[in-house]
Structure formats: structure tokens, C-alpha cells
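Chains, contacts and geometry: an overview
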Amino acid sequence: MFYLLYLYYADVAEHYPLLHLIQYQTVRVGLAMATAMIVAVAMGSRFINWMRARQGKGQPIRDDGPVTHLSKVGTPTMGGLMILAGIAVSVLLWGDLTNPYIWIVSGVTAAFGVLGFVDDYAKVTKQSSAGLTSKQKLLAQTVVAVIAGVLTVLWMTQSPTSPGLETSIAFPFLKAVLINIGWFYVAFAAFTIVGFSNAVNLTDGLDGLAIVPVMMAAGAFGIIAYLTGNFLFSEYLQVHHVPGAGELAIFCAAIIGGGMGFLWYNAPPAKIFMGDTGSLALGGALGSMAVATKHELVLGIVGGLFVVEAASVMIQVGYYKLTGKRIFLMAPIHHHFEKMGWPESTVVIRFWIVAAMLALAGLATLKLR
């Protein structure tokens, strides 16, 4: 069906030369970003009012959290639906729907979004900060991530890539190092997708804290996807060429646009929270794009802020089980700084700065080889 639509578009473009511009990825990147932002902003007030009416008391606030968070009681959640709606419309309008990577990343994003929605719904209906159990979420995420990993490997096997690239791990800064781990790569890919999804979820604890670093990471991976998908640029930069990966730049642009539209309402004081609906989906999207572009380890640099947030939770839990004491005043680490007396806005802006520096550092790995 999509091939027939492509033929129809080609026929129409013959009569309207201006439409030829849409064949360029750079043009569609801009259109995708603008479209996603417009959709998210347009949903805005009506969607928030509807959610507030449906959810009543809104997202439950942790009892053991900072006292300042009590003012957030009554704020609705599931705002991630605004972002996902913008992404969906943008990708359908401006993405190449014959591209398998678009479908793989979209599938992971949608599946994780549904999982997050179920979790948010359970929290709202129970009026408890505990929704689905961690085992339930982890199992569902793993199943989706394994399927995505297998599909990515199978498609790369059929593509004109470097021999063994589909099951290999590439290392930043080292152009010649490529370790082929065979089908164990699927487990590694699943770990990347699930781990990053949960890392973004843990970071989403303050107004605007998660969405801006997600947009920064998406911007960095939009550039990475475009360069790895282009043979000339990948050859010049000596990064592994992945045919078709450049189309993911459209998806990244949609994330940025949808994120900007959501941030319009999530800026302090937030009128709506992203919820697990958004955080799990966006983290999964970034993880699956890292797998598709063969830049899984670079994701750890670009999204280093999310890695630190997740690590702070693991360290806190592990140390407490061993000693009965806490290293941080509260985990994730952004709450630690709040407990130290930093205003919420200070924590958010400083974390944005760190995220920007890490995104630039990740991009630097493309040249420093």
C-alpha cells in the first residue's frame, strides 16, 4: 500500500515541482518538527482540562518526597500522549513508511507508550504512586525490546552493510574496533532499550527535567542517524554506514517538536506531567535508535544524565541493603539536590546544562576517531 502511495506522490510531483523538495530529508526534518509541535500545542488546554476532569486528584505525589512537591497535588498526568500524538502525525506525514527502521522504532515507542499508559492509569485509579509492579513492567519491556532487536538484526543482515555489523558492537573513538558477539547481540540491544527507557522514567521527577534532555539527545541522534545513513558522510567520518538509518532523523525531529509543544505546558509550574506514558516511550525510542544506528555506547554519553540518574537509584538501593544507610539524601539524584536546599528550578536548569554538554560530547565521538 505504501509503495502505491509513493507512486501516486511521484506522479503528482511531476505536475507540481515544488513537491520535489519533500524528497530531501533535511526538508522533511523541519516539517516533522513543526508538525509535531503544532499537534502537541493544539491539543494543549482542552486535553489538559479533559485529563483533569477524568483523573480527579491527578498524579499521586510521593509521601517521602520534598515538601515543595505537595503543591503539585491535583496536576494531571499522561501528558506523554501529547508528545506521542505529535510524533505519530509527523512520522505518518513526513516519514518514509517503506523504511523498516521507522517501523521498528515506532513499534517500540508505541508499545512502551501503552505500557506507560497502563501504569499511569493504575496509579491514578488507585491513587498510589505504585502502579504496575517492577517485574510486570520489566517483563513487558524485555519482550518488546527482544523483538525489536531481532527485527533490527534480520533487516541489517539483508542490507548492504559491513559483514557482521548487524551483530557487532562499535566503540566510540575507535574506528577499527568492532566486536561481533553473534546472536548475543539481541540481549545487548534489549538491555540498551529497556535500560534507557527506565533511566528516562527515573529522571522524570521535576517540571521540565526529563523532556529537555530527551530533546537534546534526540537532536544528537538525529545528526548521528543522518550521518550514518549517508555513505559519503559516514565514509568521511569513518563511522559504520547503515543504509536507511538516515530516515530516523525524521523521527528525532518529531520528538523534538512534540517535546517543545509539551514543554509549553510542562514548564514550571507544570499544568500536566509526562507520566510513564511519555517517559517510557521516549526512552525506548532513543534506545532503539541507538541500536539501529549502531551507536549504543555513544547513547551512554549523549544520555549520560539519564545514566547517572539510574545509577544513583541502583547505588542507593544496593548500599542500603548492604549497610542500612543511604549515600544520597534521596534518590534519584535530582531529589538529593532538592533535599540539600537547591530550588527546583536551579536543579532543572543545571541538569539541562549538563545534558547539553554530554550531548555535544557524544557528537564529538563522530570526529575523534
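In case you missed it, the structure is sitting above this.
No experiment lies behind these values; they were computed from the predicted model shown. (Residues numbered from 1 in each chain as written. Predicted model: local features only at pLDDT ≥ 70, side-chain atom pairs only at ≥ 80, totals over all residues. Heavy atoms only, no water.)

Some details on the pairing of strand β2 (residues 174-180)
Counted only if it meets this: Between any two strands, pairing holds if DSSP finds at least two bridges. In DSSP terms, a helix is any run of H or I states spanning at least four residues, a strand is any run of E spanning at least two, and both are numbered starting from the N terminus.
Across four bridges, strand β1 (residues 168-171) lies against β2 in antiparallel orientation. Within β2, the position partnered with F171 by the bridge is L174.

Considerations on helix α9 (residues 248-266)
Heads up, the rule is: For a helix, the expected span equals 1.5 Å multiplied by the number of residues minus one. Three labels apply to residues, based on accessible area from a 1.4 Å probe with only protein chains included: buried if under 20% of the type maximum, exposed if over 50%, partly exposed otherwise in between.
Compared with an ideal rise of 1.5 Å per residue, which puts 19 residues at 27 Å, α9 spans 26 Å between its outermost C-alpha atoms and is within 8% of the ideal. For α9, the buried fraction is high: 16 of the 19 residues fall into the buried class.

Some thoughts on the packing of aromatic side chains
The relative placement of two aromatic rings is captured by the distance of their centres and the angle of their planes. Spelled out, the test is: Between the rings of Phe, Tyr and Trp (Trp by its six-membered ring), a pair exists once the centres lie within 6.5 Å; its type follows the angle of the planes, with under 30 degrees stacked, over 60 edge-to-face, and the other angles tilted.
Evaluated as defined, the whole model comprises six aromatic pairs. Seen from their ring centres, Y226 and F233 are 6.0 Å apart, and the 45° between their planes marks the pair as tilted. For Y226, a relative accessible area of 28% corresponds to the partly exposed category. Here the aromatic rings of F337 and F351 are separated by 6.0 Å at their centres, their planes lie at 80°, and the arrangement is edge-to-face. Here F351 lies in helix α14 (residues 344-364) and F337 lies in helix α13 (residues 333-339), a separation of 14 residues in the sequence. Taken together, the aromatic side chains of F337, W342 and F351 make up a single cluster linked through ring pairs.

What about the pattern of salt bridges?
Two side chains bearing opposite charge may form a pair once their charged atoms approach each other closely. Quick note on the threshold: What counts as a salt bridge is simple: a side-chain nitrogen of Lys or Arg found within 4 Å of a carboxyl oxygen of Asp or Glu.
Tallied over the entire structure, the rule returns six salt bridges. The shortest N-O distance in the salt bridge between R28 and E247 comes to 2.4 Å. Highlighted residues: R28 in helix α2 (residues 25-55) and E247 in the loop between α8 (231-237) and α9, separated in sequence by 219 residues. E247 matches R28 in its accessibility class, with the two residues each being buried. E296 is the partner of K294 in a salt bridge, and the nearest nitrogen-oxygen pair spans 3.6 Å. Its relative accessible area of 2% is what places K294 among the buried residues. Connected through salt bridges with shared partners, the residues D119, K123, K137 and D276 form a single ionic network.

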